[in-house]
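Structural characterization, general
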Amino acid sequence: MLIDAVVVVAAPASDQATWLDKYDVPPDEIALGFDYAFRLAGRLVDEGQLSREVLPSLQMIDEVFSEMSQDTDVDRWTKESLTTDDGWGRARQLAREVLTAEGEEMSPLPSIRIVP
């Protein structure tokens, strides 16, 4: 689940926008999905399913999204901002580094199940 969330964060902005349209969810769902999955990181390391070396990058992604959430500029949470916002770009780069370190592929983007 964590790697799936990282795959979405790492995807090119155009792929993220397509993914958001497919599931009819707003851009903040990318950050929320990561936040939810990130809570499992320590346990995944303890179980040997995730290398300890990627924890700092995962924490930085979490910090980027936290900073973005504290910003009152709602334009940071639009599909257009996926391409233009520095926070999204930084999170994307960090996520790609995590995937590379873990030997994971960047695509395809995972399916999600929307629970009403």
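Look above for the structure.
The structure contained in this document is the topic of the report that follows. It should be emphasised that the depicted structure is a prediction, and the values quoted were computed from it without experimental measurement.

For the pair helix α1 (residues 2-10) and helix α7 (residues 86-102), interaxial distance at closest approach is 8 Å and the crossing angle is 135°. Viewed along their axes, α1 and α7 adopt a mutual orientation that is oblique. Note on packing geometry: the crossing formed by α1 with α7 is left-handed. Between α1 and α7, the residues in contact are I3, V6, V7, V9 and A10 and A91, R92, A95, R96, V98, L99 and E102, respectively. Taken together, the residues that form the contact of α1 with α7 break down as nine nonpolar, no polar and three charged.

Here R92 is to be found in helix α7. Sequence-distant contacts of R92, defined by excluding residues within four places in its chain, comprise V9, A10, A11, P12, A13, Q16 and L82.

A separate point is unusual backbone geometry. The residue D24 is not glycine, and still its phi comes out positive at about 50°. With respect to the secondary-structure elements, D24 resides in the loop between α2 (13-23) and α3 (28-38). Judged by its relative accessible area of 70%, D24 is exposed.

Cut-offs used in this document
Residues numbered from 1 in each chain as written. Predicted model: local features only at pLDDT ≥ 70, side-chain atom pairs only at ≥ 80, totals over all residues. Heavy atoms only, no water. Axes fitted to C-alpha atoms, helices over the stretch in contact; angles between N-to-C directions. Helix = DSSP H or I, 4+ residues; strand = E, 2+ residues; numbered from the N terminus. Parallel < 35°, antiparallel > 145°, perpendicular 65-115°, else oblique. Left-handed = near helix turned anticlockwise from the far one by under 90°. Contact = heavy atoms within 4.5 Å. Nonpolar A, V, L, I, M, F, W, Y, C, P; charged D, E, K, R; others polar. Buried < 20%, exposed > 50% of the residue type's maximum accessible area, 1.4 Å probe, protein only.

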